[in-house]
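Below, each chain spelled out in residue letters.
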Amino acid sequence: MRTLFGKKEHFIAFNLELLTASMTLDSFACQIDEYNEYLRNDALRSQNDHIALTWILRERNSDAIAAYMSLIADAIKLSATEKELHNLRYPFKTIPAMKIAKLAVSQSFSEIYKGIGTFMVGAAMWKALSCNDDYCAARFLTVDADIEHDKGVLAFYEKNGFIPNAELFNKNRKTISMRKDIYS
């Protein structure tokens, strides 16, 4: 296994592209069937309906899909304590965000490269920052960590700087709402 995805040669070896109708998606396979089905059956429809934009990480040599993520607009409610943690002194509870609605890494690529998921989180951060520069504000990157399908996903997002949202924490949920302040 190559120990680090993110070295200069890896940036050269991969392209991050917006999903198009001409892309062949059948060969993508991660460990979660629901995520495979979403990419094949729902991602393009969601994009055409202006619900989510899906970004594909494609290996240049093979044209194979290494990973994908779907991004959507979001807003999160923060408690007074959470707002204080981020130095947000505003009278409203709801703060704008960009959400990682789906993020999946191909099983075969995850066996070759370590860090593709972290690279995709970084790409989502870059997209959020670019949005802030040119279009509209988003203070946070958010995700609903899918603990139903992957018990280790919480640790993955925490390693990438996300913290649980107290306002949306519920022990009976299949996901845990998390946030990352893109400016800290």
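Not measured: the values here are computed from a predicted model.

**Section: the pairing of strand 7 (residues 175-181)**
Step number 1: For strand 7, the tally of buried residues reaches six of seven residues, placing the bulk of the element in the interior.
Step number 2: Here seven bridges tie strand 5 (residues 140-146) to strand 7, and the two strands are oriented antiparallel to one another. What sits directly across from Asp 146, in strand 7, is Thr 175.
Step number 3: Of the pairings in the sheet, the one linking strand 6 (residues 163-164) to strand 7 comprises two bridges and is antiparallel in character. The residue bridging Ile 163 from the neighbouring strand is Arg 179, located in strand 7.

**Structural notes on unusual backbone geometry**
Step number 1: One non-glycine residue with positive phi stands out, namely His 50, at about 60°.
Step number 2: Its location among the elements puts His 50 in the loop between helix 2 (33-48) and strand 2 (53-59).
Step number 3: Judged by its relative accessible area of 73%, His 50 is exposed.

**A closer look at helix 5 (residues 116-134)**
Step number 1: Between its first and last C-alpha atoms helix 5 spans 27 Å; for 19 residues at 1.5 Å apiece the expected length is 27 Å, and the two agree.
Step number 2: Along helix 5, the positions that sit buried rather than exposed are Ile 116, Gly 117, Met 120, Val 121, Ala 123, Ala 124, Met 125, Lys 127, Ala 128 and Cys 131.

**Some words on the pairing of strand 3 (residues 65-77)**
Step number 1: Pairing analysis gives six bridges linking strand 2 to strand 3, with the strands arranged antiparallel. The residue bridging Thr 54 from the neighbouring strand is Ser 70, located in strand 3.
Step number 2: Hairpin connection of strand 2 to strand 3: five residues between the antiparallel strands, including Asp 63 at a positive phi of 70°.
Step number 3: Bridge count for strand 3 against strand 4 (residues 94-105) is eleven bridges, and the pairing is antiparallel. Bridging from a neighbouring strand, Ile 72 pairs with Lys 99 of strand 4.

**Side note on the sheet that holds strand 3**
Step number 1: Pairing is mixed in the open sheet, where seven strands are placed in the order 1-2-3-4-5-7-6. Each end of this open sheet is capped by a strand with a single partner; those strands are strand 1 (14-18) and strand 6.
Step number 2: Here helix 2 sits on the sheet and contacts strand 1, strand 2, strand 3, strand 4 and strand 5; the angle it forms with strand 2, its principal contact strand, is near 125°.
Step number 3: Running over the sheet, helix 5 touches strand 1, strand 2, strand 3, strand 4, strand 5 and strand 7 and is turned about 145° from strand 4.

**Some remarks on helix 2**
Step number 1: In a regular helix each residue adds 1.5 Å, so 16 residues correspond to 22 Å; helix 2 covers 23 Å between its end C-alpha atoms and thus fits that length.
Step number 2: The largest bend in helix 2 amounts to roughly 55° and is located at Asp 42.
Step number 3: Among the residues of helix 2, Tyr 35, Asn 36, Tyr 38, Leu 39, Ala 43, Ser 46 and Gln 47 are the ones counted as buried.
Step number 4: Next to the buried residues of helix 2 lie strand 1, strand 2, strand 3, strand 4 and strand 5.
Step number 5: One or two residues past the end of helix 2 sits His 50, with phi positive at roughly 60°.

**Brief notes about the packing of aromatic side chains**
Step number 1: All chains considered together, the criterion is met by eight aromatic pairs.
Step number 2: When the ring of Phe 28 is compared with that of Tyr 68, the centres are 5.4 Å apart and the planes differ by 75°; the resulting orientation is edge-to-face. Of this pair, Phe 28 sits in the loop between strand 1 and helix 2 while Tyr 68 sits in strand 3, and the two are 40 residues apart along the sequence.
Step number 3: By relative accessible area, Phe 28 is classed as buried at 1%.
Step number 4: By way of ring pairs, the aromatic residues Phe 14, Phe 109 and Tyr 113 are connected into one cluster.
Step number 5: The lysine or arginine in question, Lys 102, covers the ring of Tyr 38, its NZ or CZ lying 5.4 Å from the ring centre.
Step number 6: The ring centre of Trp 55 lies 3.5 Å from the NZ or CZ of Lys 127, which sits over that ring.

Cut-offs applied
Residues numbered from 1 in each chain as written. Predicted model: local features only at pLDDT ≥ 70, side-chain atom pairs only at ≥ 80, totals over all residues. Heavy atoms only, no water. Buried < 20%, exposed > 50% of the residue type's maximum accessible area, 1.4 Å probe, protein only. Helix = DSSP H or I, 4+ residues; strand = E, 2+ residues; numbered from the N terminus. Pairing = 2+ DSSP bridges. Expected span 1.5 Å × (residues − 1). Contact = heavy atoms within 4.5 Å. Axes fitted to C-alpha atoms, helices over the stretch in contact; angles between N-to-C directions. Bend = angle between axes of the 7 residues up to and from the residue. Phe/Tyr/Trp six-rings, centres within 6.5 Å; stacked < 30°, edge-to-face > 60°. Lys NZ or Arg CZ within 6 Å of the ring centre and 35° of its normal.

Worth remembering: the numbers are spatial, not functional.
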